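# Chains, contacts and geometry: an overview
Below, each chain spelled out in residue letters.
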There are 4 protein chains.
Amino acid sequence: MKVGVVGANGYSGIELIRLLLNHPQIKLEMLISHSTKGEQLQNIYSHLSGIVEKTLEDFDADELAARTEVVFFATPAGISKDLLPECLKRGLICIDLSGDFRLKDPQEYADWYHKDPADAALLNDAVYGLSEINRRQIQGANFISNPGCYPTATLLGLAPVLKNKIIDLSSIIVDGKSGISGSGKKAIIGNLFSEVNENVKAYKLGQHQHTPEIEQTIEEISGEKHAITFTTNLIPMTRGLMCTIYATLEQGFSTRELLDHYEKFYENSPFVRIRPLGTWPSTKEVLGSNFCDIGLNVDGRTRRLTIVSVIDNVVKGAAGQAVQNLNIIKEWDEQTGLAFTPIYP
Amino acid sequence: MKVGVVGANGYSGIELIRLLLNHPQIKLEMLISHSTKGEQLQNIYSHLSGIVEKTLEDFDADELAARTEVVFFATPAGISKDLLPECLKRGLICIDLSGDFRLKDPQEYADWYHKDPADAALLNDAVYGLSEINRRQIQGANFISNPGCYPTATLLGLAPVLKNKIIDLSSIIVDGKSGISGSGKKAIIGNLFSEVNENVKAYKLGQHQHTPEIEQTIEEISGEKHAITFTTNLIPMTRGLMCTIYATLEQGFSTRELLDHYEKFYENSPFVRIRPLGTWPSTKEVLGSNFCDIGLNVDGRTRRLTIVSVIDNVVKGAAGQAVQNLNIIKEWDEQTGLAFTPIYP
Amino acid sequence: MKVGVVGANGYSGIELIRLLLNHPQIKLEMLISHSTKGEQLQNIYSHLSGIVEKTLEDFDADELAARTEVVFFATPAGISKDLLPECLKRGLICIDLSGDFRLKDPQEYADWYHKDPADAALLNDAVYGLSEINRRQIQGANFISNPGCYPTATLLGLAPVLKNKIIDLSSIIVDGKSGISGSGKKAIIGNLFSEVNENVKAYKLGQHQHTPEIEQTIEEISGEKHAITFTTNLIPMTRGLMCTIYATLEQGFSTRELLDHYEKFYENSPFVRIRPLGTWPSTKEVLGSNFCDIGLNVDGRTRRLTIVSVIDNVVKGAAGQAVQNLNIIKEWDEQTGLAFTPIYP
Amino acid sequence: MKVGVVGANGYSGIELIRLLLNHPQIKLEMLISHSTKGEQLQNIYSHLSGIVEKTLEDFDADELAARTEVVFFATPAGISKDLLPECLKRGLICIDLSGDFRLKDPQEYADWYHKDPADAALLNDAVYGLSEINRRQIQGANFISNPGCYPTATLLGLAPVLKNKIIDLSSIIVDGKSGISGSGKKAIIGNLFSEVNENVKAYKLGQHQHTPEIEQTIEEISGEKHAITFTTNLIPMTRGLMCTIYATLEQGFSTRELLDHYEKFYENSPFVRIRPLGTWPSTKEVLGSNFCDIGLNVDGRTRRLTIVSVIDNVVKGAAGQAVQNLNIIKEWDEQTGLAFTPIYP
């Protein structure tokens, strides 16, 4: 199956390329980058020397329709909103890795992204591609809005306790810690090595655009609308993301009981791994892979549950989940092309 | 004034040495390390070549009493409990950087440190050296128990809101992020570069020995006893510690109002700096210095306060605060020998 | 084909496991670790949770012979010397990743490794597994001594100019820079994050045990015996190794001419990639892959050639080349199970 | 003494500020940054909160002359060439940290910097501020061209062997390894954390602008003109620079003999420290300080000398040496304001 990647020159784009090269059903056909069209991708990214010999092309929906069946959009916010509808119209399967189609309410997009929202009807058509939770809706879909990195880790960590009055839904606090690749390949002072190295930095408190995405999905799963407290921090590593989630238990569950519940909840989800009692995951344990690893702790003294959820932000938090969603759409085995063992050390 | 450092071969020990070398009133007289006695310190730490030409000595309370007036203990938990009383008896001023004398209740020490506690009477004598909060008790004291790194950042962040029903004291959650030097110079697998680099790791959930220390001081300040939720994470940097503190507001304060309150609370505390509205500190901004920088955010949607508090764990979180306490004891200017500009980048 | 890995608990061991899991012809049958026998590997390495469910076993040559056809030794120096002959005797294909069988002269081993050498007859039987150079000898062999990490990068960089009087063989200087994983999973002070981070350290000048290995192979290829100058440096990264090689040209070649020569020399070697004129490789461009990337510069002012050669020390410098050698032995496609795209960023 | 800093917003500029704040004879009077004039420096650099409360000003030679006695130029190449002469004319002491006045031959500047050179007469007036070597010329001078970071480490490492036929001057090869702060605060892709972290990158082979600076000084010291081979590498750290220098010995000196010679050569240079036999320096051992630490190894097998020389590139390689030069000009103690103990770990 031939595919195109729009935004092939960014970090999510080249990670998609790495994953798709490993996928037995996929042929990379078109690599699109408006800003660097006409250049050989391997001249920009030497790690692809001799592996990808394609030239970057400009976006052209007719070309895409003629040459591919599936298009991934790995573009910054505000781009796919305009380009993706052109591809949908031409019958292509579209998977958007940006935030443009994640929020159902256009006003929320405007409020949190400070950009013009996509067309409301299209927002309704997009299936939110949180693979483990929305498998049924994803199957056979032709338009997927891929979740953000923080929402993926947070929602997979929370999903098993969002129903049945296990936790107080108004008590949720998420403390996120992310590697710098999450902010993309942007030449700004804040992303320089000298600024990021040997440093941890809190940013966008109360303003992060992933907040309404998390709240919307909590509402979809639980049926209740609640605001969360969400803090994000940049830590000095390239890849990897951890969300530490705090919530008050409504009932007196033990860590052991909740671990059993999580194991059962994810028993058919090969990419979610639950850590044994008394241990918690670290991001390096999922590096380069599509896993989301989760550990739990119930503090009897405060009756609070702490959930630690880790992913590789560029894989499960972006390109990997996009490929997983394509696997689900096409009813291929969910792990097709994604069975990477994490790289350690 | 001549001083001795017990545990001169550890990371807190050599940081004490760096700071004391810069102190106009101090002369380093005895450097003590049981495990490496007889060696030249500069042969172990080449960065001290030509700067410190002293030989490490074994602990000997009589020698210390004969040659020094002040002794710093930069030893692992379980050591100063036995050695420090010998120095106190001989009339020396003792400043303990370990956890041995921080908890007033011996049983709590036994429960959280899994070691035998110090003598209960001595525990009562120790003044808890959180400089900005306990200045009056520290003045003229001869026995200081220096706070832990996480408690320092947490308590300085929380102190201004612990009274007057500003926050719900039962709602406090602390998410700590620390550089690796905090775990000392221990040759264990978990501290290896290959394990720590490009990694963030949650550890000791619900079990960290700094938990009762924070709770004890919250009680001392507020008059109320509450359990907190406290999570610690190792991040890939050498120095620096951030505590992100969450609490529910009892009253509808704005961020602006609370910032003013913090500014006023710390107006005579030169080492505490409050960040302007809409900005939050990063650890690199205090690197190598004795500052504690604090930023705030009130989320109107959840009525929760988020406090971001950063220190250099080896300075304000250990050696720097110890020197600050000596300055207070002797009624020297609090910044004597500690006016380091943070190193940036 | 069933294989065993001796030393499965070390960094080369777990990297072998990552690569072998991806190999279509291989089944991991026995994982051997004397020190942690009886433990589940995934309990030591959480990144393997749900991927490798085997228990570590003790070394037993009869068991290995009964259950496997190939044994990899990923053991520290001084171990395989005794264990490997037992496996050879029982008809197993043996691939040794340690230094025990690399030097043909037992005295050189004793001089540089400060350990007792292997049996001289066995040393003669071992085929030096520098895949691109010794393919013919490797085919059908049953006993491979896998090259060291520095020798692999150095010798692949030098091989095209070792004959035909291109360079003065007595002028070779190698400046090596390596990530810390090269020193293995050893809990020593020098490998701690706090010591390695934000640091570059020269070590073992004139004493590194890879020196005679490089010189021996230079002699084998060129027919001439020369001493080299070899300096090694630890730099603050986990994986990756660069050798910068200096040599005086005997003839007035341009960079362009030498690049053409290198391209031709390696035209049938899919894992060696030559950088275009005016560009040089960086280690991240081969991360997680079996590539060796090489760039050149001729400085007309000094008539010196500089060769920059990079590998992932744990892959092409250890586990990857071992698997490549097995592919060559069995006459499978050399890239079988090794077609990893480097991970970037 | 009141001083001005031109380029106060760059990394060398803020390091100058850190050092000058610690200098008992200095008062920071004017901080100049064309691009950010009118802003408070502490609003750009939060680590200076409450420490530097000055507003950045635009360059104005008359103002500088009215308010200061000394001006430091911490500007990118091509700026001080035009601004500094205006200050010299007005009688100010000028210390230039850029490359604009280092090369005596304007054509060499044009060839290596690809910019227009400064006025040839001015080039002749500038005293090259390699403090330990040119002390006499620096005393009482009013115009100092401060050396580059690589030349400082290289020339201090080489100076003791440049005379008396100790080494073959035509055999010098320098392999430099630098932290990223050396490339300044430039928002370019190549300086991003995601590109630099877990990476080592060779750059500008045969083209680095510090090459002619090193060669010019070798000629000044030795009286002979020779080309060197000079390779530069970026390694994943913020601060620190190591030059590994290779040269063939003309005479059969032992490491021991050369170490004695170096000790004697630098006996009146408090910032140069020579490592004992069999040990070599690492960059962390000079972090934050003005030291240059040097280790040696003679390889009897190749009769080559290897010199390992490390500095903090922002201190001894830039701002620190500039302050040291001011100390020498004014005949203050050379260590005034510079007696920083390196920060470890």
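What you are looking at is a predicted structure, and each value in this text was computed from that prediction instead of being measured.

As a further point, take the overall build of chain A. Along chain A, the regular secondary structure elements total 12 helices and 13 strands. Taking 20 Å as the expected radius of gyration for a compact globule of 345 residues, we find that chain A reaches 20 Å, a close match to that expectation. The principal-axis extent of the C-alpha atoms belonging to chain A is close to 60 × 45 × 40 Å. Going through the 345 residues of chain A one by one, you find that 66% of them count as buried. Element-wise, carbon and sulfur atoms account for 46% of the exposed surface of chain A, whose accessible area totals about 11,000 Å². When the 33 positive and 42 negative side-chain charges of chain A are each reduced to one mean point, those points stand 3 Å apart.

Looking now at the relation of the copies chain A and chain C. Once turned by 180° and shifted 0.0 Å along the axis, chain A lies on chain C with an RMSD of 0.0 Å. On the angle and the small slide along the axis, the relation comes out as a two-fold axis. By C-alpha distance to the rotation axis, the residue of chain A lying nearest is Glu198 of chain A, at 4.2 Å. The fraction of interface residues of chain A whose copies in chain C are also interface residues reaches 100%, indicating that both copies meet through the same surface.

It is worth spelling out the domain arrangement of chain A at this point. All names here are of chain A. Each domain of chain A was delimited in the assignment, giving domain 1 (2–147 + 316–329) and domain 2 (150–313). Distance from the C-alpha centre of domain 1 to the C-alpha centre of domain 2: 24 Å. Listed per partner, the contact involves 24 residues of domain 1 and 34 residues of domain 2. Of the roughly 2,300 Å² buried between domain 1 and domain 2, counting both surfaces, carbon and sulfur atoms make up 56%. Area buried by domain 1 at its contact with domain 2 is led by Tyr11, Trp112 and Lys316, which between them contribute 29% of it. Scanning the region where domain 1 abuts domain 2 turns up 2 salt bridges. The shortest N-O distance in the salt bridge between Arg102 and Glu213 comes to 3.2 Å.

Residue and element names in this part refer to chain A. You can see Ser35 is positioned in the loop between β2 (27–32) and α2 (41–44). The class for Ser35 is exposed, based on a relative accessible area of 62%. Along the backbone, Ser35 and Asp58 are 23 residues apart, and their C-alpha atoms lie at a distance of 8.3 Å.

Turning to the UniProt feature "active site" (unreviewed entry) in chain A, a few remarks are in order. All names here are of chain A. UniProt feature "active site" (unreviewed entry): in the numbering of this structure it lies at Cys149. Locating Cys149 in the fold gives a position in helix α8 (residues 149–158). A relative accessible area of 12% means that Cys149 is categorised as buried. Contacts of Cys149, omitting those with residues within four sequence positions, involve His210, Leu241, Ile311, Asn313 and Gly317.

Per the stated rule, a full pass over the model turns up 104 salt bridges over all chains. Residue Glu86 of chain D pairs with Lys89 of chain D through a salt bridge whose shortest N-O separation is 3.1 Å. With Glu86 of chain D and Lys89 of chain D both in helix α4 (residues 80–89) and 3 residues apart, this pair spans about one turn of that helix. Using a relative accessible area of 28% as the deciding quantity, one classes Glu86 of chain D as partly exposed. Among the residues examined, Lys89 of chain D registers a relative accessible area of 63% and is labelled exposed. In the salt-bridge network here, residues are joined through shared partners; they are Lys27, Glu29, Glu57, Glu63 and Arg67 of chain A.

All right, on to the environment of Asn146 of chain A then. Residue and element names in this part refer to chain A. Mapped onto the fold, Asn146 is located in the loop between β6 (143–145) and α8. Separated by 176 residues in sequence, Asn146 and Ala322 place their C-alpha atoms 6.2 Å apart. In this view, Asn146 contacts Ile95, Asp96, Leu97, Ser98, Arg102, Gly129, Ala318, Gln321, Ala322 and Asn325; residues no more than four positions away in its chain are not counted. There is a polar contact of 2.9 Å between the side chain of Asn146 and the backbone oxygen of Ala318.

Moving on, we get to the UniProt feature "domain: Semialdehyde dehydrogenase NAD-binding" (unreviewed entry) in chain A. With numbering matched to this structure, UniProt assigns "domain: Semialdehyde dehydrogenase NAD-binding" (unreviewed entry) to residues 2–141 of chain A. With 36% helix and 15% strand, residues 2–141 of chain A has end C-alpha atoms that lie 17 Å from one another.

With that settled, consider the interface of chain B and chain A. In this complex, chain B contributes 51 residues to the contact, which on the side of chain A involves 51 residues. Taken together, both faces of the contact between chain B and chain A bury some 4,100 Å²; the carbon and sulfur share is 54%. Contact with chain A buries area across many residues of chain B, yet Glu198, Trp280 and Arg301 of chain B alone supply 16% of it, more than any other trio. Viewed at the interface, chain A and chain B are joined by 4 salt bridges. Salt-bridge contacts for Lys177 of chain B lead to Asp175 of chain A; the nearest nitrogen and oxygen are separated by 3.1 Å.

Moving on: the interface of chain A and chain C. One frequently used descriptor of interface size is the decrease in accessible area upon assembly of the parts. Counting residues at the interface gives 26 residues for chain A, matched by 26 residues for chain C. Both faces combined, the contact of chain A with chain C buries some 2,400 Å², and carbon together with sulfur accounts for 63% of it. The largest share of the area that chain A buries against chain C comes from His47, Tyr344 and Pro345 of chain A, three residues that together contribute 26% of it. Summed over the shared surface of chain A and chain C, the number is 0 salt bridges. The interface formed by chain A and chain C holds 8 residue pairs in polar contact (both at pLDDT 80 or more) in total. Top element by residues in the side of chain A that touches chain C is helix α1 (residues 11–21) of chain A. It accounts for 5 residues. Across the side of chain A that touches chain C, the residue classes tally to 11 nonpolar, 8 polar and 7 charged.

A few words on the side chain of Asn290 of chain D. Residues and elements named next belong to chain D. Here Asn290 is to be found in the loop between β11 (272–274) and β12 (292–299). Within the structure, the side chain of Asn290 is placed 3.4 Å from the backbone nitrogen of Lys316, a separation counted as a polar contact. Only 3.5 Å separates the side chain of Asn290 from the backbone nitrogen of Gln321, close enough to count as a polar contact. Asn290 has contacts with Phe271, Val315, Lys316, Gly320, Gln321, Gln324 and Leu338, leaving out every residue within four places of it along the chain.

Let's shift gears to the pairing of strand β10 (residues 241–248) of chain D. Residues and elements named next belong to chain D. Most of β10 sits out of view: 7 of its 8 residues are buried. Taken together, the 8 bridges between β10 and strand β13 (residues 304–311) define a ladder with antiparallel strand orientation. When the sheet's bridge partners are listed, Leu241 is paired in β13 with Ile311.

Residues and elements named next belong to chain A. Within the secondary structure, Glu132 is located in the loop between β5 (127–128) and α7 (135–138). A polar contact of 2.8 Å, which involves the side chain of Glu132, links it to the side chain of Lys316. A polar atom in the side chain of Glu132 sits 2.9 Å from the side chain of Gln324. Sequence-distant contacts of Glu132, that is, excluding residues within four places in its chain, are made with Leu156, Tyr266, Ser269, Phe271, Val272, Lys316, Gln321, Gln324 and Glu334.

The two copies are related by a screw motion: chain B maps onto chain A through a turn of 180° and a shift of 0.0 Å along the axis, at an RMSD of 0.0 Å. With an isologous cut-off of 70% or more, the 100% of interface residues of chain B that recur at the interface of chain A puts this contact in the isologous class.

All names here are of chain A. A sheet is described by the order of its strands in space; here 7 strands give the open sequence β8-β9-β7-β10-β13-β12-β11, paired in mixed fashion. Two strands lie at the open edges of the sheet, namely β8 (201–203) and β11 (272–274), each paired on one side alone. Looking at each pair of strands side by side, their axes are set apart by 20° on average, direction ignored. Bridging between β11 and strand β12 (residues 292–299) involves 3 bridges; their strand directions are parallel. Bridge pairing in β12 links Ile274 to Ile294. Sitting on the sheet, α8 touches β7 (173–178), β8, β9 (229–234), β10 (241–248), β11, β12 and β13 (304–311), and the angle it makes with β10 is about 45°. Contacts from helix α11 (residues 255–265) reach β11, β12 and β13, with the element oriented near 155° to β12.

That bond from Tyr344 of chain A to Pro345 of chain A is cis: its omega, -5°, falls within 30 degrees of zero. Of note in this structure, Lys204 of chain B is not a glycine but carries a positive phi near 50°. By the element assignment, Lys204 of chain B lies in the loop between β8 (201–203) and α10 (210–222).

Two quantities define a packed helix pair, namely the angle between the helix axes and the distance between the axes. Residues and elements named next belong to chain A. Where α8 meets helix α10 (residues 211–222), the axes come as close as 10 Å, and the angle between the chain directions of the two elements is 25°. Considering the angle they form, α8 stands roughly parallel to α10. In this structure, α8 crosses over α10, and the sense of that crossing is right-handed. Across the interface between the two elements, Pro151, Thr154, Leu155 and Leu158 from α8 touch Glu213, Ile214, Thr217 and Ile218 from α10. Looking at the contact of α8 with α10 residue by residue, the class counts come to 5 nonpolar, 2 polar and 1 charged.

Conventions we followed
Residues numbered from 1 in each chain as written. Chains lettered and ligands numbered in written order. Predicted model: local features only at pLDDT ≥ 70, side-chain atom pairs only at ≥ 80, totals over all residues. Heavy atoms only, no water. Helix = DSSP H or I, 4+ residues; strand = E, 2+ residues; numbered from the N terminus. Rg over C-alpha atoms; globule rule 2.2 N^0.38 Å. Buried < 20%, exposed > 50% of the residue type's maximum accessible area, 1.4 Å probe, protein only. Areas by Shrake-Rupley, 256 points an atom, 1.4 Å probe, with all protein chains shown as cover. Lys, Arg positive; Asp, Glu negative; His and termini not counted. Charge placed at Lys NZ, Arg CZ, Asp CG, Glu CD. Least-squares fit on C-alpha atoms with pLDDT ≥ 70 in both. Contact = heavy atoms within 4.5 Å. Domains from an automatic or database assignment. Buried area = accessible area lost by both parts, 1.4 Å probe. Salt bridge = Lys/Arg side-chain N within 4 Å of Asp/Glu carboxyl O. UniProt positions renumbered as here; feature names shortened; annotations may be inferred. Polar contact = N/O pair within 3.5 Å; in protein donor to acceptor, adjacent residues only side chain to side chain. Nonpolar A, V, L, I, M, F, W, Y, C, P; charged D, E, K, R; others polar. Pairing = 2+ DSSP bridges. Axes fitted to C-alpha atoms, helices over the stretch in contact; angles between N-to-C directions. Parallel < 35°, antiparallel > 145°, perpendicular 65-115°, else oblique. Left-handed = near helix turned anticlockwise from the far one by under 90°.

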